Amino acid sequence: MASASAGMASSPCGNSNFDSGLEIKTRSVEQTLIPLVSQITTLINHKDKPKKSERTLAAIHRVGQAVSVAVGRFVAVGEAIATENQELKDEMGQACFEARRAGDAIAQLTDVGSAVPSQSDGRVTVFSDRTGMVKAARLLLSSVTKVLVLADRIVIKQIITSRNKVLVTLDHLERVSTFQEFVQIFSQFGNEMVEFAHLTGDRQNDLKDEKKKARMAAARAVLEKCTMMLLTASKTCLRHPDCESARINKDAVFHRMRCALEQVIEIVTEARSCGENKILTASIYNGIKDFKSSVECLRENLYSLAPQSVAGQLEALVERTEDFTDSAYTSHEQRQAILGLCQLARQDTQQLVHAWVEAQSVHAKEPTEDMEVSILKTCQNVNDLRRELHKVAVGRASDLLKVHGEQLPLRALKAAGAEGNLEAVAEYSRTLTEQKEQLVETCRLLCHVSGTEPLEITCIHAEETFHVIGPQIISAAQTLALHPSSKIAKENLEVFCEAWESQLCDMALLLREINDVFEGRRGDKRPYLSLPRPGKHSANLKTAKAVKLDAEEQTSMAKLGLELRLLSSDVDTEVEKWEEQEHDIVRQSQSLASMAYNMYLFTRGEGLLKTTLDLFHQAEVLSEEGLQLCSSLRTFSAQLVDEEKSVVMTEMEKLVALCQQLQMGAKTPVQGKTATFQKVDSSIQTTRSILTVVLSLLPFCNKLNKKVTLSEQDMTLSDWHSD
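Residues numbered from 1 in each chain as written. Predicted model: local features only at pLDDT ≥ 70, side-chain atom pairs only at ≥ 80, totals over all residues. Heavy atoms only, no water.

Q: Go over the overall build of the protein, please, and point to the residues and values.
A: Scanning the protein for helices and strands turns up 23 helices and three strands. Relative to its full complement of 723 residues, the protein shows a buried share of 49%. Looking at the protein alone, contacts between residues at least 24 apart form 79% of all its contacts between residues at least 6 apart. Roughly 34,600 Å² of accessible area belongs to the protein as shown, and the carbon and sulfur atoms make up 52% of that amount. (Helix = DSSP H or I, 4+ residues; strand = E, 2+ residues; numbered from the N terminus. Buried < 20%, exposed > 50% of the residue type's maximum accessible area, 1.4 Å probe, protein only. Contact = heavy atoms within 4.5 Å. Areas by Shrake-Rupley, 256 points an atom, 1.4 Å probe, with all protein chains shown as cover.)

Listed below in structure tokens is the structure:
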């Protein structure tokens, strides 16, 4: 990746020699530089027009002075950072010195007092030293970028320090032998995990690389879910210290948390790992994309590739389809369809290679007609192959989610464990293991057709999660069967079963996003993950106390949050079906879904809403938007006949009551952690109810809107004929 700072500077300065060798990896650094680049571009663009009117000169002077003042403030912050971080003092000091010098130079070059009047027309000439301005601009962008990148190192250092604290406490937790000691250390561990979650959440939101962002999200999801597992698994082990299955269960949780912590550090420090290699495994989707690119490039150049290399690409692609055709869960008809499409692709590629070799033999400069036909047929065939593979993977995943939605093996394991029936636990464990293997394989197939690297990473995360949690549920069930009267063993099994159910919910969302990409809708269409906001700490100035959910509260909120995300996604799907996208009902419903999604991110410790005050403010805004939607529904219902109008008005009245309930709840002051948590829970539950009503209204109103539109068209046509 080219240096972002160089790219920015080469535009205004017109010279790529500026490259400072500093790669910008975060949005906050990039966004900080953009206004500065804009101002410098304004100055540089005038360097070829030395004669200025007084008005233009005054504007340029203001820009130059603004740059100088901004740099002064910026350097003061950089110097303060250097004072607090001795290891960066020399580098930061040098970068700040260069930035200040460059800012002063720009101020002098744009100073009205130093301008020279023209003898011919009396206008003022500035930038007599054009080279000096370009040099100062380059130096300023280079030094400011360096200050920002050095400051970014501090953020990385904070994350590493936070991780190290978590690891030390994790080691202590693993070795405790009494409940009292465990409770004390777990309280400390919870606070450290909350700090780590917020540092890494901000970092995730700030990353420019979508692949790294997806890997960070996966690692943080593991840590979030494992925190509650660690609590119950450790308590079970303490209660039953001689139980082997309890020890196995606990060890697996600690191991997974350490792996996730390590992955976060690998991402922020850009270290390579074996996990990275797994992520880079080629998918069929990428194979098809690369193959089509090679084939279509022949239209531009017949001699850029060797004919056999394209045939080799296809064979590698066909080999990857064996994950589908070798699966015991692929039907005979699906297997034959995939093999048939692979054979057609081979035949068309052979014809293409034959026509290609012939064209080269006569030194053709462009593809022959036979080649063009073969290119079209080959690309069409691999498109058909991709469509078939997508249908197989998504179809299987949908079927599995329907079957597993009933949670029969989990219920049976809970019941058998509570009865102390080890034989039944063993039997249902085999059933769960088979389901786990089906889900793991299905995630692998979804990875092949996901369509984007972030979604591939999410598929790999889902695969690993099912692979790990399946055996953990079994060990928890075995512990309960050995100690059927143990409340903590029962609670522990419940926590692992909830993690399994949560992953199934995540898989349903993943499936929807993969379909969005396949159908040409952007899988990442929501701009919810934000840059650090200016003045983001202003919440501290409010009279009410702004608090953050701790790890345990976030875990208990996770399921409710996932329901909110599913509902917001369903609302988006419904509004996309409306032909009239500017309709008030559509716009307001989209806005509600967007705000609900922000609230979901809050339950994960991510996104724009950092504290409970942010959440309650969002709830107020959402309730106001909901009431606006009610107003639009009332206007819409005026066009309807009595029965239809009655249905809309009944649902609208429910919506009014829910929005008022949300508004009153959000404005009601509370004190204390428990009351605050209950208010958060109530706000999210009411928001869920609001979206449920909106979701029931959207398809009905869409149908009625089409009917009203057709009726109006018919009336218009009738009036035209009568005229």
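Q: Give me the lowdown on the pattern of salt bridges, citing residues and values where you can.
A: One pass over the full model with this rule turns up 26 salt bridges. Close ionic contact of K212 with E270 constitutes a salt bridge, the shortest N to O distance being 2.3 Å. Note that K212 is positioned in helix α7 (residues 210–239) and E270 in the loop between α8 (244–269) and α9 (274–279), a separation of 58 residues in sequence. With a closest N to O distance of 3.8 Å, E266 and R215 form a salt bridge. One end of the pair, E266, is in helix α8; the other, R215, is in helix α7, and 51 residues separate them in sequence. Residue E266 shares its accessibility class with R215, and that shared class is buried. When salt bridges with common partners are traced through the structure, they connect D171, E174 and R258 into a single cluster. (Salt bridge = Lys/Arg side-chain N within 4 Å of Asp/Glu carboxyl O.)

Q: Run through a negative patch on the surface, naming residues and quoting values.
A: Residues E319, E322, D323 and D326 make up a contiguous surface patch of negative charge. Along the chain, D323 turns up in helix α12 (residues 322–325). A relative accessible area of 35% places D323 in the partly exposed class. (Patch = residues over 30% accessible without salt bridge, like charges linked within 9 Å, V, L, I, M, F, W, Y side chains within 5 Å. Lys, Arg positive; Asp, Glu negative; His and termini not counted. Charge placed at Lys NZ, Arg CZ, Asp CG, Glu CD.)

Q: Explain the nonpolar core to me, and be specific about the residues and the numbers.
A: Grouped together as the largest cluster of nonpolar side chains are 103 residues, with contacts concentrated most on F189, L230, F324, M371, L446, I473 and W500. Sorting elements by how many residues they give to this core places helix α18 (residues 487–518) first, with 13 residues. Discounting chain neighbours no more than four positions away, the residues touching F189 are V166, T169, L170, L173, T227, L230 and M257. Membership of the second largest hydrophobic core comes to 50 residues, among which are W578, I585, A593 and C701. (Core = buried A, V, L, I, M, F, W, Y, C linked by side-chain atoms within 4.5 Å.)

Q: Describe the packing of aromatic side chains, naming the residues involved and giving the relevant values.
A: Across all of its chains, the model carries four aromatic pairs by this definition. Ring plane angle 40 degrees and centroid distance 5.8 Å describe the contact between F186 and F189, whose orientation is recorded as tilted. With F186 and F189 both in helix α6 (residues 179–206), this residue pair falls three residues apart, about one helical turn. A residue is classified by how much of its surface remains accessible, and F189, at 0% relative accessible area, is buried. Through pairs of rings, three or more aromatic residues link up here, namely F182, F186 and F189. Over the ring of F616 we find K679, and its NZ or CZ is 4.1 Å from the ring centre. (Phe/Tyr/Trp six-rings, centres within 6.5 Å; stacked < 30°, edge-to-face > 60°. Lys NZ or Arg CZ within 6 Å of the ring centre and 35° of its normal.)

Q: An account of the packing of helix α10 (residues 284–296) against helix α11 (residues 307–320) is needed here, citing residue identities and associated values.
A: Contact geometry for α10 and α11: axes closest at 10 Å, N-to-C directions at 165 degrees. As judged from the angle between their axes, α10 and α11 are roughly antiparallel. Crossing of α10 against α11: the hand is left-handed. Residues I284, G287, I288, D290, F291, S294 and V295 of α10 lie in contact with α11, whose contacting residues are V310, Q313, L314, L317 and R320. Looking at the contact of α10 with α11 residue by residue, the class counts come to seven nonpolar, three polar and two charged. (Axes fitted to C-alpha atoms, helices over the stretch in contact; angles between N-to-C directions. Parallel < 35°, antiparallel > 145°, perpendicular 65-115°, else oblique. Left-handed = near helix turned anticlockwise from the far one by under 90°. Nonpolar A, V, L, I, M, F, W, Y, C, P; charged D, E, K, R; others polar.)

Q: Outline helix α16 (residues 422–449), listing residues and values.
A: With 28 residues, α16 extends 41 Å from end C-alpha to end C-alpha; this agrees with the ideal 40 Å at 1.5 Å per step. G451, located one to two residues past α16, shows a positive phi value of around 95 degrees. (Expected span 1.5 Å × (residues − 1).)

Q: Residue-level account of unusual backbone geometry, with values.
A: For H363, which is not glycine, the phi dihedral falls at a positive 55 degrees. If you trace the backbone, H363 turns up in the loop between α13 (332–361) and α14 (369–404). Using a relative accessible area of 65% as the deciding quantity, one classes H363 as exposed.

Q: So what's going on with the confidence of the model for the protein? Which residues, and what values?
A: Of all residues in the protein, 82% attain a pLDDT of 70 or more, and the chain-wide mean is 80. Contacts from residues 1–21, a stretch scored under 50 in pLDDT, to residues over four places away or in other chains number 38 contacts. Scored below 50 in pLDDT, residues 523–544 shows 40 contacts in the model against residues more than four places distant or in partner chains. (pLDDT = per-residue confidence, 0-100.)

Q: Would you mind going over the environment of Q350 in detail, with residue names and values included?
A: One can find Q350 in helix α13. For the pair formed by Q350 and P307, sequence separation is 43 residues and the distance between their alpha carbons is 9.5 Å.

Q: Please set out the side chain of K225 residue by residue, giving values where relevant.
A: In this fold, K225 is placed in helix α7. On the basis of relative accessibility, which here comes to 16%, the residue K225 falls in the buried class. In contact with K225, other than residues within four places in its own chain, are S502, Q503 and D506.

Q: Please set out the state of the cysteines residue by residue, giving values where relevant.
A: Across all of its chains, the model carries zero disulfides by this definition. Summary of cysteine pairing: C226 is not part of a disulfide, and the nearest cysteine sulfur, belonging to C259, is at 9.9 Å. Given the relative accessible area of 1%, C226 is considered buried. Note on C243: no disulfide assigned, nearest cysteine sulfur contributed by C237 at a separation of 7.7 Å. (Disulfide = S-S within 2.5 Å.)

Q: Could you give an account of the environment of R386, naming the residues involved and the relevant values?
A: Structurally, R386 can be placed in helix α14. Between the alpha carbons of R386 and I338 there is a distance of 9.4 Å; along the sequence they are 48 residues apart. Beyond its immediate chain neighbours, meaning those up to four positions away, R386 contacts Y285, I288 and F518.

Q: Please give an account of α11 that cites residues and values.
A: Within α11, the full set of buried residues consists of P307, V310, L314, L317 and V318. End-on, the buried residues of α11 take up no more than an arc of 100 degrees, which puts them together on one face. Exposed and facing more than 90 degrees away from the buried side of α11 are Q308 and E319. Tucked inside the fold, the buried residues of α11 contact α10, α12, α13 and α14. (Arc of directions from axis to C-beta.)

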